[in-house]
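Geometric and topological summary
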Amino acid sequence: MNETAEMLRWGVSRLASRLRAEQSGSGPGLSRLAVSVLANLRHDGPLTPTALAAIEGLQPQSLTRVLNDLAEQGRIVRSPSRRDGRSSDVDITEAGHEALRAHVTDGNAWLATALHQTLTPAERDIVRIAAGLLQQLAASGGDAGGTGVIDGVAASGPGAAPPL
């Protein structure tokens, strides 16, 4: 089982690196953290900075610069929290949706081409099934310590590992 885990981790890591290289998008670039924040807001927003930080496995202060940059770029908007008057809600704007789409367009195009050129139709079907299983693994929270954190990354909860 450890050999399978090692092979999977290596393959996922290499593919993630390649996708990052292919996802240049247009306009000002997005950091990995900015992309993750926008993706989480798209899937689960609006969220408080505290909730976003928990999803990312960070302290809320660690998100301040990213949130400020995204707000200055018009990609997020802050408003008084509907649940807690002492906090704010952060939501993605149409500009944020567009930045996220632009960021993944090139990576998706590369991946679709690579799948078509490299794999047979049967292998592509296997990858489709494996992709669903990987999403299950990411959402399982099946860490050894029962903390919901795997290798320092929150593995469960709202917004955990959303697709871009």
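Residues numbered from 1 in each chain as written. Predicted model: local features only at pLDDT ≥ 70, side-chain atom pairs only at ≥ 80, totals over all residues. Heavy atoms only, no water.

Let's shift gears to the nonpolar core. Counting residues in hydrophobic clusters, the biggest one holds 21 residues, and the most contacted among them are Val37, Leu41, Leu52 and Leu70. Contributions of two or more residues to this core are made by α2 (32–44), α3 (49–56), α4 (64–72), β2 (88–92) and α5 (94–118). Broken down by element, the residue count for this core peaks at seven residues, all from α2. Not counting residues up to four positions away in its chain, the partners in contact with leucine 52 are Val37, Asn40, Leu41, Leu47, Leu63, Leu67 and Val90. (Core = buried A, V, L, I, M, F, W, Y, C linked by side-chain atoms within 4.5 Å. Buried < 20%, exposed > 50% of the residue type's maximum accessible area, 1.4 Å probe, protein only. Helix = DSSP H or I, 4+ residues; strand = E, 2+ residues; numbered from the N terminus. Contact = heavy atoms within 4.5 Å.)

Next up on the list: the pattern of salt bridges. In the structure shown here, the tally under the stated rule is five salt bridges. Put simply, aspartate 89 and arginine 82 hold a salt bridge, and the shortest N to O gap is 3.8 Å. In this structure, the salt-bridge partner of aspartate 125 is arginine 128, at a minimum N-O distance of 2.6 Å. Highlighted residues: aspartate 125 and arginine 128, both in helix α6 (residues 121–140), separated by three residues, approximately one helical turn. (Salt bridge = Lys/Arg side-chain N within 4 Å of Asp/Glu carboxyl O.)

With that out of the way, let us pick up α3. For α3, the full list of buried residues reads Pro49, Leu52, Ala53, Ile55 and Glu56. Projection of α3 onto a plane perpendicular to its axis shows the buried side chains occupying an angular sector of 160 degrees, all on one side. A positive backbone phi angle near 75 degrees is found at glycine 57, which sits one or two residues after α3. (Arc of directions from axis to C-beta.)

A few words now on a nonpolar patch on the surface. A cluster of nonpolar side chains, contributed by Leu8, Val12, Leu134 and Leu137, occupies part of the molecular surface with about 310 Å² of accessible area. Contributions of two or more residues to the nonpolar patch are made by α1 (2–22) and α6. Locating valine 12 in the fold gives a position in helix α1. With a relative accessible area of 40%, valine 12 lands in the partly exposed category. (Patch = residues over 30% accessible without salt bridge, like charges linked within 9 Å, V, L, I, M, F, W, Y side chains within 5 Å. Areas by Shrake-Rupley, 256 points an atom, 1.4 Å probe, with all protein chains shown as cover.)

Here the focus is the side chain of glutamate 56. Examined against the element boundaries, glutamate 56 turns out to sit in helix α3. Residues in contact with glutamate 56, not counting those within four places in the same chain, are Arg32, Leu33, Ser36, Val37 and Asn40.

Here we take up unusual backbone geometry. Of note, the bond from glycine 45 into proline 46 is cis; its omega dihedral lies within 30 degrees of zero at -5 degrees. Its location among the elements puts proline 46 in the loop between α2 and α3.

What follows covers the confidence of the model for the protein chain. For the protein chain, the average pLDDT comes to 83, and 82% of its residues sit at 70 or higher. Low confidence marks residues 144–161, where pLDDT is under 50. Its contacts with residues over four positions away, or in another chain, come to 29 contacts. (pLDDT = per-residue confidence, 0-100.)

Viewed as axis vectors pointing N to C, α2 and α4 meet at an angle of 70 degrees, and their least axial separation amounts to 10 Å. With respect to α4, the axis of α2 lies roughly perpendicular. On the side of α2, the interface is formed by Leu33, Ala34, Val37 and Leu38, while α4 contributes Val66, Leu67 and Leu70. Residue composition of the contact of α2 with α4, by class: seven nonpolar, no polar and no charged. (Axes fitted to C-alpha atoms, helices over the stretch in contact; angles between N-to-C directions. Parallel < 35°, antiparallel > 145°, perpendicular 65-115°, else oblique. Nonpolar A, V, L, I, M, F, W, Y, C, P; charged D, E, K, R; others polar.)

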